[in-house]
Amino acid sequence: MIALRILVFMLLGASALSFLLYLITGQVRYRRWGFAIFKWTLLAILVFFGVLFVSQFDWSMFG
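Residues numbered from 1 in each chain as written. Predicted model: local features only at pLDDT ≥ 70, side-chain atom pairs only at ≥ 80, totals over all residues. Heavy atoms only, no water.

Engineer: For this particular structure, what's the right way to read the overall build of the chain?
Structural biologist: Helices and strands together make up the secondary structure of the chain, namely two helices and zero strands. A compact globule built from 63 residues should have a C-alpha radius of gyration of about 11 Å, whereas the chain, at 16 Å, is more than 25% larger. Dimensions of the chain, computed from C-alpha atoms along their principal axes, come out at roughly 60 × 15 × 10 Å. Taken over 63 residues, the chain has a buried fraction of 16%. In the chain, once contacts between residues fewer than 6 apart in sequence are set aside, the share between residues at least 24 apart is 53%. Only carbon and sulfur atoms are counted for the fraction: they give 76% of the accessible area of the chain, which is about 5,100 Å². (Helix = DSSP H or I, 4+ residues; strand = E, 2+ residues; numbered from the N terminus. Rg over C-alpha atoms; globule rule 2.2 N^0.38 Å. Buried < 20%, exposed > 50% of the residue type's maximum accessible area, 1.4 Å probe, protein only. Contact = heavy atoms within 4.5 Å. Areas by Shrake-Rupley, 256 points an atom, 1.4 Å probe, with all protein chains shown as cover.)

Engineer: Would you mind showing me how to read helix α1 (residues 2–25) here?
Structural biologist: One turn of the α-helix equals 3.6 residues, which is why residues spaced by three or four share an orientation. The terminal C-alpha atoms of α1, which comprises 24 residues, lie 34 Å apart, in line with the 34 Å expected from a rise of 1.5 Å per residue. Regarding α1, the residues found buried are L4, V8, L11, S15 and S18. Those residues of α1 hidden inside the fold are in contact with α2 (28–56). G26 lies just past α1 and shows a positive phi near 80 degrees. (Expected span 1.5 Å × (residues − 1).)

Engineer: What exactly am I supposed to notice about the packing of aromatic side chains here?
Structural biologist: To describe a pair of aromatic rings, one takes the distance between the centres and the angle between the planes. Applying the stated criterion across every chain, the model contains four aromatic pairs. Between F19 and F35 the ring centres are 5.1 Å apart and the planes differ by 80 degrees, which places this aromatic pair in the edge-to-face class. With F19 in helix α1 and F35 in helix α2, the pair connects residues that are 16 residues apart, well separated along the chain. According to the relative accessible area criterion, F19 is partly exposed, its value standing at 25%. We classify F35 as partly exposed; its relative accessible area is 46%. On the basis of an interplanar angle of 45 degrees and a centroid distance of 6.1 Å, the ring pair of F53 and F57 is categorised as tilted. (Phe/Tyr/Trp six-rings, centres within 6.5 Å; stacked < 30°, edge-to-face > 60°.)

Engineer: What is the right way to look at the environment of M1 in this model?
Structural biologist: Within the secondary structure, M1 is located in the segment before α1. With 51 residues separating them in the primary sequence, M1 and L52 have C-alpha atoms 8.2 Å apart. With near-sequence residues (within four places) excluded, M1 lies in contact with F48, V51 and L52.

Here you go:
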């Protein structure tokens, strides 16, 4: 669980850094990288909440 948290924050930081580099340099490749990293960040967030949901689920009703 902590590894997913660290991954999400690292991806958010990398995305923010890419957008910052885009603002500083004006090079479009940094904006593209920022959006690509942000898409992976959203996927990591969905996995994080999926793991959280499954871990809180009451499995006793099935067994």
